[in-house]
Amino acid sequence: MERRTFIKRTGATLAALMCAPSIGRADKSVVKIGFIGPLTGPNAALGMGARNSADLAVRRANARGNLPYQLQLVVMDDASDPSTGVAVATKLCTVENVAAATAHFNSPVALATIHVFHRYKVPQVMWGTIHPDITNKHNFPEVTRVCATSIVEHAELMNFVVKERGYQRWSVLYDTTSYGQSCFEAAKKALQANGATILSEDGVPVGTQDFRPVLSRLKTLSPGPQAIYFGGVVTEAALLRLQMAEIGINDVLFTGVTGLDSDTFNKTAGNVAEGTLIVGKKAIGDDSEFVSEYKKAGYKEYYEASGPFAYDSTNLIIAAIAKAGPSDKAQLAKTIRGMDFNGVLGPTRFDEFGQTKTGGLTLKVSQAGKWAPWQGSDYARGARALPKK
Amino acid sequence: MTHFLEVSFIALMLSSTYILIAVGFTLFFGAINIVHFAHGDVAMLGAFVAIILYGTADALGLIGGSPIWVWAPLLAAAIAVATGGLGLLFERTIIKPFRASPMLITLVATVALGIIVRESVRLFYPQGSNPQVFPNLFGQSGIRLGELYFRTGHLVMLGLSLLLIIAMILLIRRTRIGLSIRAVSQNIEAASLSGINPDVVIMLTFFIGSILAGVAGVLIGSYYSMIKFDVGLMYGIKGFSAAVVGGLGNFYGAILGGLTLGVIETFASAYVPEGMAYKDVYAFLIVIFFLVFKPSGILAEKQYEKV
């Protein structure tokens, strides 16, 4: 029965989507903006939150009606897979002929598609990837990014945890994807810059379930680690945290960066998630205009940590189109890079690599099963305590 | 020493999941010479069935309302029947129609079945893409032996797996059912001439094999406190490899193969520098080693069958 309702609902949504282009006013020409994110696969929840947020930006721009065009969001699914990403990026640039696109949660996918967007000279604003090479390595004029790189994320994390809170002895684990590797390198650099000692380094393949052999070894270290860092994403992080508790590594701080910033981590790790410290995506207050508009629009999925970034990147594209027009792509790319934009994340301005200079990050702590901004948390007030050193 | 004992226990837990899955591969191969590549996904289904049935029993008030030794065996029986039934359903619909076809056809069909099972769980289970929390039946309780600490839940699951493996040995060696299974795997025509209905025996093999995979799934779920839709693929490949290393078709071989893979993976992760990153490489190097130098596996295939 439930499945039947599901099919009915999906059918209805599809029908609505197919009708959508015809709703627009006929006297305006249509300008397309592309969206790519993981709508299926392991990161689907984050991708759908981002898709809805980008959709909200386009809907609101159309509702305001002060542009001489009707905007249309063309949504594509990269399934967190580089080859799928390249295929849909090519489709956006050729068949759909989008003016610009906002794209990707996964760094490996972005590392593959920047070449496609560069070849077709289509501006691409990244809403969720953090690998430094995406902007720095080739410095394609089409590529910009509204979220922080792993270097910035780790500098901020370690500056707080090592320098301010004084955790000196570290064990580092990371997954062996290009995302995990870039996190590991940035974490190592930031730890060394702050004078911390790294006791162990262990890479783990994605899909690893058993961290116990390594954790058992960490227990034999003397003196043992005061903090454990994990460079990876939610599932492995939750397993690692659960097994730390099971094997008896207590009173050790667990940390990570934005890869852990989903409440799936808190839900899956349960009680032991408490006191985990991360640098997460900027927390948006529930009273912000974005949140109230998102709720009003009635999307089924939560906007997730990535929503505000996709919302800002889409609005940034819309503002640039309003300024430079949609047809001259090189001019549009140049305009995007030169934007002085104010959005839900605050101001966004790009450096010479197209990388945002402003953070978009918030220090968060797992408190009572949720990611809470450090400022104002029970931990900052002293009502709860992080693990002893 | 404590570290060594702890790692040995971890290896034993991992090995028993591999063994439970490998036994299925070996039973199916022994009975009708097929490789059932969705068998790892049956294990995953077992864990999901357990979550659903546990949730239902909890909602009906069975779990809070009666002591654990009343509801736990009932729940276990329900999970076993449901998972065994699913395995049987797959045999009837996907494997049986290809029984006369070359082995490769069944192989492709079961690979496809595995993909369908995984994707169905992902699409139709609520929030199916995310890892699902597995109910913790035994709480945080445990037993402390010096510096070693064992969770009650883990010990119960390990004990249950060992019991099941011993029960399987007895079933195969000592009972009429076991005799029929052995007879069918030796010579299906001769078996039917002596009054055994091979179809019933094959169905029974799939029912039992799938139950064992379901137990492996529950073991995985409770050992890691979570289950994800895509874990079956990896466990399927590891279980199959374990069966090959031990000698495909040989029941004791599956046990030896599962132990070999589990021990190598765990000890490489714990003792070799960078070992965690390459644990699968070490495990599959062993598989390749056996394929090249002793393709029949540790125990030569079907040693007790060729009279």
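**Student:** So what exactly am I meant to see when it comes to the sheet that holds strand β14 (residues 370-373) of chain A here?
**Tutor:** Two pairing modes exist for strands in a sheet, parallel and antiparallel, and in both the strands are linked by backbone hydrogen bonds. Residue and element names in this part refer to chain A. Across the sheet, which stays open at both edges, the 7 strands sit in the order β7-β6-β8-β9-β10-β13-β14 with mixed pairing between neighbours. Strands at the two margins of the open sheet, each flanked by one partner only, are β7 (197-204) and β14. Going from strand to strand, the sheet's axes swing by 30 degrees on average, the running direction of each strand aside. Two strands pair when backbone bridges link them, and strand β8 (residues 227-231) and strand β9 (residues 253-256) are joined in this way by 3 bridges, in the parallel orientation. Residue pairing in the sheet places Ile228 in a bridge with Phe254 of β9. Helix-sheet contacts for helix α7 (residues 178-193) involve β6 (169-175), β7 and β8, and the interaxial angle to β6 is about 165 degrees. Sitting on the sheet, helix α8 (residues 212-220) touches β6, β7 and β8, and the angle it makes with β7 is about 165 degrees.

**Student:** How should I be thinking about the nonpolar core in this particular structure?
**Tutor:** When a protein is soluble and globular, its nonpolar side chains tend to lie buried together. Counting residues in each nonpolar core, the largest one holds 109 residues, and the members touching the most others are A:Phe211, A:Leu215, A:Ile228 and A:Phe230. Here the element with the most residues in this core is helix α1 (residues 2-32) of chain B; it accounts for 16 residues. Sequence-distant contacts of A:Phe211, that is, excluding residues within four places in its chain, are made with A:Leu173, A:Val204, A:Phe230, A:Glu236, A:Leu239, A:Leu240, A:Gln243 and B:Met276. Ranked by size, the runner-up nonpolar core spans 42 residues in total, among them A:Leu56, A:Ile284, A:Tyr303 and A:Ala310.

**Student:** What is the right way to look at the interface of chain B and chain A in this model?
**Tutor:** Where interface size is given, it is often the accessible area lost as the parts come together that is meant. Contacts between the two partners involve 27 residues from chain B, matched on the other side by 31 residues from chain A. When chain B packs against chain A, close to 2,900 Å² is buried across both sides, 58% of that on carbon and sulfur atoms. Applying the counting criterion to the chain B and chain A interface returns 2 salt bridges. The shortest N-O distance in the salt bridge between B:Glu6 and A:Lys219 comes to 2.8 Å. At the junction of chain B and chain A, the tally comes to 9 residue pairs in polar contact (both at pLDDT 80 or more). At the level of secondary structure, the elements contributing two or more residues to the side of chain B that touches chain A comprise α1, α5 (103-124), β3 (148-151), α9 (198-224), α10 (231-246) and α11 (251-271) of chain B. In terms of residues, the side of chain B that touches chain A owes the most to one element, α1(B), which gives 4 residues.

Reading the values: rules and limits
- Residues numbered from 1 in each chain as written.
- Chains lettered and ligands numbered in written order.
- Predicted model: local features only at pLDDT ≥ 70, side-chain atom pairs only at ≥ 80, totals over all residues.
- Heavy atoms only, no water.
- Pairing = 2+ DSSP bridges.
- Helix = DSSP H or I, 4+ residues; strand = E, 2+ residues; numbered from the N terminus.
- Axes fitted to C-alpha atoms, helices over the stretch in contact; angles between N-to-C directions.
- Contact = heavy atoms within 4.5 Å.
- Core = buried A, V, L, I, M, F, W, Y, C linked by side-chain atoms within 4.5 Å.
- Buried < 20%, exposed > 50% of the residue type's maximum accessible area, 1.4 Å probe, protein only.
- Buried area = accessible area lost by both parts, 1.4 Å probe.
- Salt bridge = Lys/Arg side-chain N within 4 Å of Asp/Glu carboxyl O.
- Polar contact = N/O pair within 3.5 Å; in protein donor to acceptor, adjacent residues only side chain to side chain.

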